[in-house]
Amino acid sequence: MLDEKQLQDAVLTYVKNEYIDDEEEADELTPETPLISGGIVDSFSMVSLKVFLEKKYAIKIPDEDATPTAFDTVNKIVKLVKRFKEGK
Amino acid sequence: MAYSDKVREHYQKTIKEIREGGLFKEERFIHSPQAADIKVEYPEGSELASLINMCANNYLGLSSHPEVIKAAHDGLDSRGYGMSSVRFICGTQDIHRELQNKLTKFLGTEDTVLFPSCMDANAGVFEAILGEEDVIIADRLVHASLIDGIRLCKAQYDSFKHMNMDHLEQKLEMHQDKRIRLVVTDGVFSMDGDMAPLDKMVELCERYDSMILLDDSHATGFIGKTGKGTHEHFGVVGKIDIITTTLGKALGGASGGCVSGRAEIVEMCKQRARPYLFSNTMPPVIVAAASKVLDIISETTERRDKLEQNTKYFREKMTEAGFDIRPGQTPIVPVMLYNAQLSQDMAKDLYAEGIYVIGFFYPVVPQGQARIRCQLSAAHEREHLDKAIAAFKKVGAKHGILGLKKKEIIEKFGL
Ligand SMILES: Cc1ncc(COP(=O)(O)O)c(C=O)c1O
């Protein structure tokens, strides 16, 4: 079983490092902040997030599941990773 | 009827959404050649307004230069109007070769191939030279045409935070297992007017065995001591593997683009780049005129020097006047307003004062970073700039933003 809190922290940290320059903005980021619809991650740069998740959690997220909606918040990403990791 | 009511309604609904989102683009009809002073019909059907143009990419003021126009006439007379062929069948004249050679010399590269536009150069180059074993690492804010080209290519894609060299280094390290690495950047970024730190980027690329591609569309002809571009400014002429640039801005502003760089890369474009293979050649008139432009800017730096002085003057005076100007050295001068509505209102008021500028807001620029982008030109005389600055002061005072910093503007107008 994946520890959900750990997973959430790992994704949150990655998103902060990878996409946010401004420290204040990084502090404001929560697991529910809209990333793609909020303009923080553009849908094209989302690729690096997908690659990171696949490597780190040894999963394969098919392109049809890697939608901007499925990646829109840290919590949604956590759900997606759990689904592929645990085959739920 | 194939264009059914359902289909029509679908598009009508989409267009309505674009309007409601404030993203509807409208053409403004210009009844004069491109210049510092233009006559504009807007909205459609209204009387012509005489305006000072501060939003063209006519950086060197060559778009309507008499010598360029004459060269176009001569080209038309001596080489005809159209070629009715792609380059490699029967669409390459001696003047195409000559222009390519002049570009190679000017940019300080090994070879050059012309494309119908820089959009086409960017659309074609990646697929022509990279495969799925390779990786492209691009600045997050590169131009849309580069993104399109990257999408058309099978190479893996990654990106780094805008101009963040530490982040780029991490990415280069991470991708050491790929066959070929290609770092991609604009030279001057068109929305902020900031310059990619090419000296540092070249050093990183050398250290991590990566090629580098530079789109210098907003720099060729005027950035650097002799106007070669951003690579000249940073002292890395000869070290950029691939330069793409346009003839549609500073270099006469008609149309056309190129890929210039390592000889093999240029050859690969000729063999494989789809816009080169499947789209018509650049017309002789434009080739002849562009060739003249290269003569002019190779002979003297007068025009880029004047542009530099105009840039300094305008940036200084606007900052003195109390505007929040993105600092920089390029003729792209963003007047930061943050609030989208404010950017639209001010642009409108400036138009009424005879100054033609455009307000940009999300999604063209990031959310909460609305601005008016001014673009300077060597065609501007001091009087043009003084009029523009006076109008900006008047309109800025009307909206009560003079002397306000980012925080204060946001407090006053919201985001
Ligand atoms: C950075 C950049 N690259 C490419 C282009 C496209 O150039 P062209 O008009 O030659 O297609 C533009 C023009 O908007 C640009 O700003």
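Rules of the game
- Each chain carries its own residue numbering, running from 1 in the direction its sequence is written.
- Each chain gets a letter, beginning with A, and each ligand a number, beginning with 1, in the order they are written.
- Only residues with pLDDT of at least 70 get local features here, since the model is predicted, and only at 80 or more are side-chain atom pairs given and counted; chain-wide, interface and lining totals rely on the full set of residues.
- Side-chain metrics rest on all non-hydrogen atoms present in the structure, leaving aside hydrogens and water.
- In the cavity and pocket records, a cavity denotes points on a 1 Å grid over the protein atoms alone where a 1.4 Å probe fits but cannot get out, a pocket denotes an open set with protein on both sides within 12 Å along at least 5 of 7 lines, and lining residues are residues with an atom within 4 Å of a point.
- Grid points are joined across faces, edges and corners, and a volume is the space filled by probe spheres set on the points.
- Helix and strand definitions here come from DSSP, where helices need a minimum of 4 consecutive H or I residues and strands a minimum of 2 consecutive E residues; each element is numbered from the N-terminal end.
- Gly counts as polar in this scheme, as do all residues outside two lists: the nonpolar Ala, Val, Leu, Ile, Met, Phe, Trp, Tyr, Cys and Pro, and the charged Asp, Glu, Lys and Arg.
- An automatic or database domain assignment supplies the start and end points of every domain.
- Contacts: residue pairs with any heavy atoms within 4.5 Å of one another.
- In this description, buried area is defined as the sum, over both parts, of the accessible area (probe of 1.4 Å) that is lost when the two are combined.
- What makes a salt bridge here is a side-chain nitrogen of Lys or Arg within 4 Å of a carboxyl oxygen of Asp or Glu, nothing more.
- N or O atoms within 3.5 Å of each other form a polar contact, as long as, within protein, one can give a hydrogen and the other can take it, and as long as residues adjacent in sequence are counted only when both atoms are side-chain atoms.

1. Quick word on the layout of surface pockets
Estimates place the volume of the second largest pocket at around 530 Å³. What lines the second largest pocket is a set of 20 residues, among which A:Val47, A:Lys50, A:Val51, B:Gln156 and B:Tyr157 lie closest to the centre. Breaking the lining of the second largest pocket down by element, the ones donating at least two residues are α3 (46–56) of chain A together with β6 (156–160) of chain B. The biggest single contributor to the lining of the second largest pocket is α3(A), with 5 residues. Across the lining of the second largest pocket, the residue classes tally to 7 nonpolar, 3 polar and 10 charged.

2. Some thoughts on the domain arrangement of chain B
Residue and element names in this part refer to chain B. Here chain B is described as being made up of domain 1 (22–53 + 302–413) and domain 2 (66–299). Each of domain 1 and domain 2 has a C-alpha centre, and these two points are 29 Å apart. Facing the 15 residues of domain 1 at the interface are 17 residues of domain 2. Here domain 1 meets domain 2 over a buried area of about 1,200 Å², counting both sides, of which 61% is carbon and sulfur. On the domain 1 side of the interface with domain 2, the three residues burying the most area are Arg304, Thr330 and Ile332, jointly 42% of the side's total. The interface formed by domain 1 and domain 2 contains 2 salt bridges. The partner of aspartate 192 in a salt bridge is arginine 371, and the shortest N-O contact between them spans 2.4 Å. Our count for the domain 1 to domain 2 interface comes out at 7 residue pairs in polar contact (both at pLDDT 80 or more). For the side of domain 1 that touches domain 2, the secondary-structure elements that each account for two or more residues are α13 (302–320), β11 (332–338) and β14 (370–375).

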